[in-house]
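Here are the chains, one letter per residue:
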Amino acid sequence: AKGAAVLPLFSGGSLVDAATRADAIYAPLRFDAALMGMGEDMHTASWFPGFADEALSSARSVVAVHAPTAAGSADRLTLTRSAIARTER
């Protein structure tokens, strides 16, 4: 943990602009580990059932998603499947 780096996804402004900024940061990165949880509706990484097409198919690392079934905010940033696939563990 001593050498861990935590990078925020959201940096303010519109969700689309924040996704573009976060994608520029995350695109060149490989991850040592990813700790994934699962929501009550079986979502993980803000990939909500019925609202995850872009997050699962995009070549980008970060995308904005709108998931009206989400508890809390329906508008979120998420790492994509291609970003998480660059994780060692």
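**Observations regarding the overall build of the protein chain**
Moving on, step 1. Helix and strand counts for the protein chain come out as three helices and two strands.
Moving on, step 2. Helices and strands in the protein chain line up, N terminus first, as α-α-β-β-α.
Moving on, step 3. Computed over C-alpha atoms, the radius of gyration of the protein chain comes to 13 Å, within 12% of the 12 Å expected from 2.2 N^0.38 for 89 residues, which places it in the range of a compact globule.
Moving on, step 4. Once the C-alpha set of the protein chain is aligned to its principal axes, its extents read approximately 35 × 30 × 25 Å.
Moving on, step 5. Long-range contacts, defined as pairs at least 24 residues apart, comprise 49% of the intrachain contacts of the protein chain with a sequence gap of at least 6.
Moving on, step 6. Surface accessibility of the protein chain: about 5800 Å² in total, with carbon and sulfur atoms responsible for 59%.
Moving on, step 7. When the 8 positive and 9 negative side-chain charges of the protein chain are each reduced to one mean point, those points stand 9 Å apart.

**Quick notes on the pattern of salt bridges**
Moving on, step 1. All told, the structure shown has one salt bridge when counted by the stated rule.
Moving on, step 2. The salt bridge partner of Arg-60 is Asp-23, with a shortest N-O separation of 3.7 Å. Of this pair, Arg-60 sits in the loop between helix 2 (53–57) and strand 1 (62–66) while Asp-23 sits in helix 1 (residues 15–26), and the two are 37 residues apart along the sequence.
Moving on, step 3. Accessibility expressed as a relative area gives 15% for Asp-23, which makes it buried.

**Digging into the nonpolar core**
For soluble globular proteins, the rule of thumb is that nonpolar side chains tend to be buried together.
Moving on, step 1. In this structure, Ala-18, Ala-19, Ala-22, Tyr-26, Phe-31, Val-62, Leu-77 and Ala-83 together form the largest nonpolar core, which totals eight residues.
Moving on, step 2. The element contributing the most residues to this core is helix 1, with four residues.
Moving on, step 3. If near-sequence neighbours (up to four positions away) are discounted, Phe-31 is found in contact with Tyr-26, Ala-83, Arg-86, Thr-87 and Glu-88.

**Topic: the confidence of the model for the protein chain**
Moving on, step 1. With 100% of its residues at a pLDDT of 70 or more, the protein chain shows a mean pLDDT of 89.
Moving on, step 2. When the elements of the protein chain are averaged for pLDDT, strand 2 (residues 75–79) gives the smallest value, 92, and helix 3 (residues 81–84) the largest, 95.

Parameters and conventions
Residues numbered from 1 in each chain as written. Predicted model: local features only at pLDDT ≥ 70, side-chain atom pairs only at ≥ 80, totals over all residues. Heavy atoms only, no water. Helix = DSSP H or I, 4+ residues; strand = E, 2+ residues; numbered from the N terminus. Rg over C-alpha atoms; globule rule 2.2 N^0.38 Å. Contact = heavy atoms within 4.5 Å. Areas by Shrake-Rupley, 256 points an atom, 1.4 Å probe, with all protein chains shown as cover. Lys, Arg positive; Asp, Glu negative; His and termini not counted. Charge placed at Lys NZ, Arg CZ, Asp CG, Glu CD. Salt bridge = Lys/Arg side-chain N within 4 Å of Asp/Glu carboxyl O. Buried < 20%, exposed > 50% of the residue type's maximum accessible area, 1.4 Å probe, protein only. Core = buried A, V, L, I, M, F, W, Y, C linked by side-chain atoms within 4.5 Å. pLDDT = per-residue confidence, 0-100.

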